[in-house]
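The residues making up each chain are set out below.
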Amino acid sequence: MLSDTELLDLAEGNLKWFIANSSNIRDKFSNKLIAIKDKTIVASSENTDELLNILKEKGIDDSEVLIEVIPSRNEVTIL
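Anyway, here's the lowdown on the structure attached to this text. Each chain carries its own residue numbering, running from 1 in the direction its sequence is written. Local features are withheld for residues below a pLDDT of 70 in this predicted model, meaning they are given only at 70 or higher, and side-chain atom pairs are given and counted only at 80 or more; totals for whole chains, interfaces and linings count all residues. Side-chain calculation: all heavy atoms of the structure are included, whereas hydrogens and water are not.

Here the focus is the environment of Asn31. When you line up the elements, Asn31 lands in the loop between helix 2 (22-29) and strand 1 (32-37). Take Asn31: its relative accessible area is 47%, and that puts it in the partly exposed class. For the pair Asn31 and Glu6, spaced 25 residues apart in sequence, the C-alpha separation works out to 30 Å. Put simply, DSSP H or I for four residues or longer makes a helix, DSSP E for two residues or longer makes a strand, and each gets a number counted from the N terminus. Summary of the burial criterion: residues with accessible area below 20% of their type's maximum are buried, those above 50% are exposed, and those between are partly exposed, where the area comes from a 1.4 Å probe applied to protein chains only.

Structure representation (structure tokens):
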């Protein structure tokens, strides 16, 4: 199991990759949830339970992935 510091480092790297590639990701995964590990999309689904099941089936620890919701191009996100 990874330490908290290692998990934070992984999350930061995955988040930076996600931000840099968000336009292409949005085109391909609109209205889905995605799981990113090692700067790669390892799973996608339309709901959380299914996404977590896919990760489990692949033997991927969900604490080691970044999960993001990908809105459609028509949605406006207010932060």
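The next subject is helix 3 (residues 48-57). N or O atoms closer than or at 3.5 Å make up a polar contact, with two conditions inside protein: a donor-capable atom paired with an acceptor-capable one, and, for residues adjacent in sequence, both atoms drawn from side chains. Looking at where helix 3 begins, the residue whose side-chain oxygen comes 3.3 Å from the main-chain nitrogen of Asp49 is Asn47. Gly59, located one to two residues past helix 3, shows a positive phi value of around 75 degrees.

So, about the pairing of strand 1. Any two strands are treated as partners once DSSP identifies two or more bridges connecting them. As defined by bridge partners, strand 1 adjoins strand 3 (residues 66-70) across five bridges and the pair is classed as antiparallel. Note on strand 3: the bridge partner recorded for Ala35 is Ile67. Relative to strand 2 (residues 40-45), strand 1 is paired through five bridges, and the arrangement is antiparallel. By the bridge assignment for strand 2, Ile34 is matched with Ser44. Connecting strand 1 to the antiparallel partner strand 2 that follows it, the hairpin turn spans two residues, and Asp38 within it adopts a positive phi of roughly 55 degrees.

In short, geometric facts, not functional conclusions.
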